[in-house]
Every structure is written in structure tokens, then in C-alpha cells.
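# Coordinate inspection notes
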Amino acid sequence: AGKGILAAWQDIRQPMEDNIDMDSFAENAEISVTESVYKAGADDMQLIMLTEEEGKFDHSPKLASDGDKALLVWTRSEGLGLNLENGDCLIYSSWDGSGWKDPGVIEDKLPVVMNSDMVMHENEGLLLYTLDMDNDYATESDREIFAKIFDGASWGESVRITDNQLSDSSPG
């Protein structure tokens, strides 16, 4: 972005002890980003947290940028995906060259989001993601790829890209 880099990652709010359980790990996961464009030779990289949703598992951040615009998309799950009844949702934040906007929901009440990828051109973004349609990790033939387009202000409707009996994954 611009003449430097933006970075995003999954972070854990507390030190990881040897005996920590996975639910505690998930509940303390959050998405962090650089506050602004980091330039080579700068002293410090300023960081901000975009999420602090208690009891949710924020993970799998995907960042795309073009010029002075950027989009960050991540998955928010109920726990570690072991409670498949509640579903996943896709969350995003946009960067306008001077700061990150408050996170918003792209789509909620989704089946398990297996993976995703993002690209951006000027103000528009393309999100590709794979859903496990029956929320059953053991069945692979019902994993389908979907797309959503960001027009610079809002997200369009989901478009189903695949509809077959193959294990579709890792769009990009």
C-alpha cells in the first residue's frame, strides 16, 4: 500500500501456557494490523487490534491492497469449529490511506469457511472462499467455492463458483 507495507496477523491476547486448553486459545484470538503504512527504516511499526469479540475465534486474515486502499477479511468462528451448529461469518475492515474503518460483517451464519483469498484493483476487491456445505469435515465432496465483490463501498451478493461432487478448495 502506498510506498511501504501493511501487515495483518492473528494474535493471542495472553501468554500461551503449556497447559492451556484449545477453547481458551480460541477465545483469546484476535486480528491485529499495522496502524499505517510501514516504511523501511522507520523506527517503530505501530499496531492496532481490530477485534476483541469475547468467545469468538477470529482467524485466517487475508489482506489485499492497491495504491492507497486496502481490504482485510477474516473468519470469525464460534469456538474452534468444533461447535458446527453456530456457523462462521466473514468480517472485513477497509483502509482508506489514513486509517482502518471499524470492522463490519460481510456475511454471517455460513457453513464452515475452509479457506479464502483476496485480490484488489483500485477501489474494488474480490473475495474467494470455500465453504463446507454440510459442516462435516469428514465429507469432502460438498466443499464449494464462492465469490463476493466489494465495489468500494459495500459487498455484493455471493456467487457460487462451483457446484459439483469434487473437493474444491484453496481459491486464489
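Residues numbered from 1 in each chain as written. Predicted model: local features only at pLDDT ≥ 70, side-chain atom pairs only at ≥ 80, totals over all residues. Heavy atoms only, no water.

### Notes on the packing of aromatic side chains
Threshold: Working definition: rings of Phe, Tyr and Trp (its six-membered ring) pair if their centres are within 6.5 Å, and the pair is stacked with planes under 30 degrees apart, edge-to-face with planes over 60 apart, and tilted otherwise. Segments assigned H or I by DSSP are reported as helices when at least four residues long, segments assigned E as strands when at least two residues long, and all are numbered from the N terminus. Exposure classes here rest on a 1.4 Å probe applied to the protein chains alone. A residue is buried below 20% of its type maximum, exposed above 50%, and partly exposed in between.
A complete count under the given rule lists five aromatic pairs for this structure. Geometrically, the ring pair formed by Tyr-129 and Phe-146 is stacked, given 5.9 Å between the ring centres and 20° between the ring planes. Of this pair, Tyr-129 sits in strand β9 (residues 124–132) while Phe-146 is found in strand β10 (residues 143–150), placing the two residues 17 residues apart along the sequence. The pair formed by Tyr-129 and Phe-146 is uniform in burial state, with each residue classed as buried. Among the aromatic residues, ring-to-ring pairing joins Tyr-92, Phe-150 and Trp-155 into one connected group.

### Things to note about the nonpolar core
How we decide: What is meant by a nonpolar core is a set of buried Ala, Val, Leu, Ile, Met, Phe, Trp, Tyr and Cys residues, joined one to another through side-chain atoms within 4.5 Å. By definition, residues are in contact when any of their heavy atoms lie within 4.5 Å.
Counting residues in each nonpolar core, the largest one holds 16 residues, and the members touching the most others are Val-73, Leu-90, Leu-127 and Trp-155. Counting residues per element, the ones that place at least two in this core are β5 (69–78), β6 (88–95), β7 (104–110), β8 (112–121), β9 and β10. If near-sequence neighbours (up to four positions away) are discounted, Leu-90 is found in contact with Val-73, Trp-74, Thr-75, Gly-104, Val-105, Ile-106, Glu-107, Leu-110, Val-113, Leu-127 and Tyr-129. Counting eleven residues, the second largest nonpolar core, distinct from the first, contains Ile-31, Leu-72, Cys-89 and Ile-91.

### Quick word on the environment of Gly-125
With respect to the helices and strands, Gly-125 occurs in strand β9. Other than its neighbours up to four places away in sequence, Gly-125 contacts Leu-71, Val-119, Met-120, Lys-148, Ile-149 and Phe-150.

### Brief notes about the environment of Gln-14
Locating Gln-14 in the fold gives a position in the loop between β1 (8–12) and α1 (22–27). Note on Gln-14: relative accessible area 31%, which makes it partly exposed. Remark: the alpha-carbon pair of Gln-14 and Ala-29, spanning 15 residues in sequence, is separated by 9.0 Å.

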